[in-house]
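The lines below spell out each chain.
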Amino acid sequence: MRVLTKSIVFKFSRLLIPIGLFFFLLSHSGFAQDYWSALQNLEFDEAETHISGKENELDYKKFLWAMQLTVDGDIELAQKIMNELTFSSKDSAVADNAVIVLGELWFLQNRWDSFIATKPYVKEYEGNAFSLVKAFADVPEEKYVYSETEVKLPFKLSVSGCPIITVEVNGKKTRLWLDTGASMTALSSDLANELGIEKISYDTTSALTGTTKKVGVQPALIDSLRIEGIEIYNHPAVILASEDLEFKFAGITFLKIDGIIGYNALKNFDIEINYRRKRIRFREPVLNDKVERNLFWLGVPIVRLKTEDGIPLHFFIDTGASKTNLFEEIFRKVRFENVKEKQVLIGSAGGIERLNSKKVPGLTLLLKEDTLNILNPVTVLSPIQPFVKLHGILGADAFAGKILHLNHANGVIEINPAE
């Protein structure tokens, strides 16, 4: 959805905490470059062709295997292999890239103690995102209590098409955005003060947004977050200055976000969002190893798509984005006609920014067997690339009037017709 004028695209709340989100392509030979490139595109068979007979062949095979496990949802075994490679591989590219991927897997599981125990992370992140790690390592373990089989409640749509639900935070009702584009639950400083939520560290970490701007965040702990009959205890969150969640145009504030339920909470639910009826259903996920997985996490939640011609693409699923947008990387994979240069205003945490962009007439994407027709997508800035090459953001226009089903535990995203 465009807001205010045809030249404004809003991704209000993307907030990525850069703990393990940096990927360093470290290689010293042509074969290694081809190997890493294939892995970044999840071309596992192609990557394997570049291994045979090379030095440290077994380590490259193990890294490939761990990436396959990550995509297939076997996080425990994937992190075990990456941890071994971090400390034992004699190949610097394998060891250094393993610790970066490992960090994302730890972040997904709240393994803050593992960060503390790993010297490469202490060296790399001391004084930056590592301050969050140190703060969260000392808090009580997070706990989810599902007192009801499922919970259904109404929601409202924000101006960007993001669902807003009423929940109880520390016993007080408040409205929060439901945003898969935020890696962690976030509260404005005003709301945190109102709810009596204090920072657990005064160190400030920079978080990435949907523009070139960064915002400061500080760690906090939500004692209780209740969604009807489901309760989360000791939930890690971050606090932002309230002005970083206010949006102005021509000097007038037209939107203020109080808080966001991020992916660190949403990954623990089986969620169905009916955009037509404005109803949402939460329930405890039940593991099912027979489903076809098309969703996984590596720095951001990533959905596997295809073009009509069968070209595989990887999009960042973002319920807080007003529109499906493209990253420059897609032009390496897909040929477009009638590409036009233009400027757009991008709204995200930290404010609004004017950026150069490209506009294409349309793109047809296949989500399993379902067809998504995306009209007039434009290019926007990509977050710092995780290991996997990202080609765009799957936003609210893809879900409008439909039912979005998200189940991280089973690696499933579906977009179904609403009744």
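Above this text is the structure in question.
Keep in mind the model is a prediction, meaning the values are calculated, not measured. (Residues numbered from 1 in each chain as written. Predicted model: local features only at pLDDT ≥ 70, side-chain atom pairs only at ≥ 80, totals over all residues. Heavy atoms only, no water.)

Would you mind going over the overall build of the chain with me for this structure?
Looking only at helices and strands, one finds 10 helices and 26 strands in the chain. A fraction of 67% describes how many contacts in the chain between residues 6 or more apart in sequence connect residues 24 or more apart. Counting every atom, the chain has about 17500 Å² of accessible surface; 46% of that belongs to carbon and sulfur. (Helix = DSSP H or I, 4+ residues; strand = E, 2+ residues; numbered from the N terminus. Contact = heavy atoms within 4.5 Å. Areas by Shrake-Rupley, 256 points an atom, 1.4 Å probe, with all protein chains shown as cover.)

I would appreciate a short explanation of helix α3 (residues 57-72) in the present structure.
Residue pairs spaced three or four apart in an α-helix point in one direction, given the helix's 3.6 residues per turn. With 16 residues, α3 should cover 22 Å at 1.5 Å per step; its first-to-last C-alpha distance of 23 Å lies within 8% of that length. When α3 is considered as a whole, its buried residues turn out to be D59, Y60, F63, L64, A66, M67, L69, T70 and V71. Just downstream of α3 lies G73, where phi reads positive at about 90°. (Expected span 1.5 Å × (residues − 1). Buried < 20%, exposed > 50% of the residue type's maximum accessible area, 1.4 Å probe, protein only.)

Whenever I open this one, the pairing of strand β3 (residues 150-154) confuses me. Can you help?
The side chains of a regular strand alternate between the sheet's two faces. The alternating pattern of β3 places V151 and L153 on a buried face and E150, K152 and P154 on a face that is not buried. One ladder, built from five bridges, connects β3 with strand β15 (residues 279-283); its direction is antiparallel. Within β15, the position partnered with V151 by the bridge is F282. (Pairing = 2+ DSSP bridges.)

Mind showing me how you'd approach the pattern of salt bridges here?
As a working rule, side chains carrying opposite charge can pair if their charged atoms are close by. Evaluation of the coordinates by the stated rule reveals 13 salt bridges. The salt bridge involving K323 is made with D397; its shortest N-O contact spans 3.8 Å. Pair noted here: K323 is in the loop between β18 (312-317) and β19 (325-326) and D397 is in the loop between β24 (392-394) and β25 (402-407), with a separation of 74 residues, a long-range link. Given a relative accessible area of 9%, K323 falls into the buried group. For D397, a relative accessible area of 28% gives the class partly exposed. (Salt bridge = Lys/Arg side-chain N within 4 Å of Asp/Glu carboxyl O.)

Honestly, the sheet that holds strand β14 (residues 270-274) in this entry has me stumped. Any pointers?
Two strands in a sheet stick together by hydrogen bonds in their backbones, pointing the same way (parallel) or opposite ways (antiparallel). If you walk across this open sheet you meet the five strands as β3-β15-β14-β25-β26, and the pairing is antiparallel. Only two strands of the sheet have a single neighbouring strand rather than two, namely β3 and β26 (412-417). Here the average twist between neighbouring strands, direction ignored, is 15°. (Axes fitted to C-alpha atoms, helices over the stretch in contact; angles between N-to-C directions.)

Which parts of the structure should I look at to understand the environment of D34?
Among the secondary structure elements, D34 is positioned in helix α1 (residues 30-40). On the basis of relative accessibility, which here comes to 40%, the residue D34 falls in the partly exposed class.

Can you walk me through the packing of aromatic side chains in this structure?
Ring pairs (aromatic) are described by centroid distance and by the angle formed between their planes. Under the counting rule described, the total for this entry stands at 17 aromatic pairs. Relative to W297, the ring of F107 lies with its centre 5.8 Å away and its plane at 15°, an arrangement referred to as stacked. Taken together, the residues span a long stretch of sequence, with F107 in helix α5 (residues 92-108) and W297 in strand β16 (residues 295-297) at a distance of 190 residues. Across the pair, exposure class does not vary: F107 and W297 are buried alike. Both rings, one in F155 and one in Y275, keep their centres 6.0 Å apart while their planes meet at 75°; by these two values the pair is edge-to-face. With F155 in the loop between β3 and β4 (156-157) and Y275 in the loop between β14 and β15, this residue pair connects regions lying 120 residues apart in the sequence. Take F155: its relative accessible area is 5%, and that puts it in the buried class. Between the NZ or CZ atom of K358 and the centre of the ring of F331, over which it lies, the distance is 4.7 Å. (Phe/Tyr/Trp six-rings, centres within 6.5 Å; stacked < 30°, edge-to-face > 60°. Lys NZ or Arg CZ within 6 Å of the ring centre and 35° of its normal.)

Mind showing me how you'd approach the packing of α3 against helix α4 (residues 75-88) here?
Relative orientation and spacing of two packed helices are given, respectively, by the angle between their axes and the distance between those axes. Remark: α3 packs on α4, axes separated minimally by 8 Å, with the N-to-C direction vectors making an angle of 155°. Between α3 and α4, the angle is such that the two are roughly antiparallel. Judged by the twist between their axes, the crossing of α3 over α4 is left-handed. Residues D59, K62, F63, W65, A66, M67, L69 and T70 of α3 form the contact with α4, whose own contacting residues are I75, L77, A78, I81, M82, E84 and L85. Here the contact of α3 with α4 is built from residues that sort into 11 nonpolar, one polar and three charged. (Parallel < 35°, antiparallel > 145°, perpendicular 65-115°, else oblique. Left-handed = near helix turned anticlockwise from the far one by under 90°. Nonpolar A, V, L, I, M, F, W, Y, C, P; charged D, E, K, R; others polar.)

Before we go on, may I ask you to explain unusual backbone geometry in this structure?
Apart from glycine, the bulk of residues carry a negative phi angle, and the bulk of peptide bonds sit in the trans form. A positive phi is found at L42, a non-glycine position, where the angle reads about 55°. Structurally, L42 is set in the loop between α1 and α2 (44-49). Although it is not a glycine, N170 sits at a positive phi angle of roughly 50°. Checked against the element boundaries, N170 lands in the loop between β5 (163-169) and β6 (172-178). Note on N170: relative accessible area 24%, which makes it partly exposed.

Hey, could you run me through a negative patch on the surface in this one?
A cluster of acidic residues, D34, D45, E46 and E48, forms a negative patch at the surface. The element contributing the most residues to the negative patch is α2, with three residues. With respect to the helices, strands and loops of the structure, E46 is situated in helix α2. (Patch = residues over 30% accessible without salt bridge, like charges linked within 9 Å, V, L, I, M, F, W, Y side chains within 5 Å. Lys, Arg positive; Asp, Glu negative; His and termini not counted. Charge placed at Lys NZ, Arg CZ, Asp CG, Glu CD.)

Remember, this is a structural readout, not a statement about activity or role.
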